[in-house]
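# A look at the structure
The chain contents come next:
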Amino acid sequence: MHPVTTVHYLVLSAALLLIGTVGVLTRRNIVIILMSIELILNAVNINLVAFSHALGPDHVQGQVFAIFVITDAVAEAAVGLGILIALFRNKETVLADEIDLLKW
């Protein structure tokens, strides 16, 4: 039985980052784009906690930053979903290609 090392966490984080980036760049649905951004932020959290754990019990800065990232992700989701609801009521679509309210 092999122990779980920092490399395993980094591979998991890279996979989440890749999936999130592909989701942001290829999807048209704004809800899916917001979920992909959440995946990217979770990849960052895994990196922060993995390096904090690898540096030893005296280094908790990564875990503290992960809490701030989680707080930021919650605020981003709340504001993003609020804007999405307003756009859906106005344009009756959630596709990013069809929302052009800021164009002249």
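Right, let's walk through the structure included here. (Residues numbered from 1 in each chain as written. Predicted model: local features only at pLDDT ≥ 70, side-chain atom pairs only at ≥ 80, totals over all residues. Heavy atoms only, no water.)

Three- or four-residue spacings in an α-helix give side chains the same orientation, since the helix completes a turn every 3.6 residues. Between its terminal C-alpha atoms helix H2 (residues 30–55) stretches 38 Å, which fits the 38 Å expected from 26 residues at 1.5 Å a residue. Listed in full, the buried residues belonging to H2 are Ile30, Ile33, Leu34, Ser36, Leu41, Ala43, Asn45, Ala50 and Ser52. Buried residues belonging to H2 abut helix H1 (6–26) and helix H3 (61–91). You can read the cap of H2 off the contacts: a side-chain oxygen lies 3.0 Å from the backbone nitrogen of valine 31, and it is on asparagine 29. Directly after H2, the chain includes glycine 56, whose backbone phi takes a positive value near 120°. (Helix = DSSP H or I, 4+ residues; strand = E, 2+ residues; numbered from the N terminus. Expected span 1.5 Å × (residues − 1). Buried < 20%, exposed > 50% of the residue type's maximum accessible area, 1.4 Å probe, protein only. Contact = heavy atoms within 4.5 Å. Polar contact = N/O pair within 3.5 Å; in protein donor to acceptor, adjacent residues only side chain to side chain.)

The next point concerns unusual backbone geometry. The backbone of glutamate 92 shows a phi angle near 60°, a positive value even though the residue is not glycine. Within the element layout of this structure, glutamate 92 appears in the segment after H3. Glutamate 92 sits in the exposed class, given a relative accessible area of 67%.

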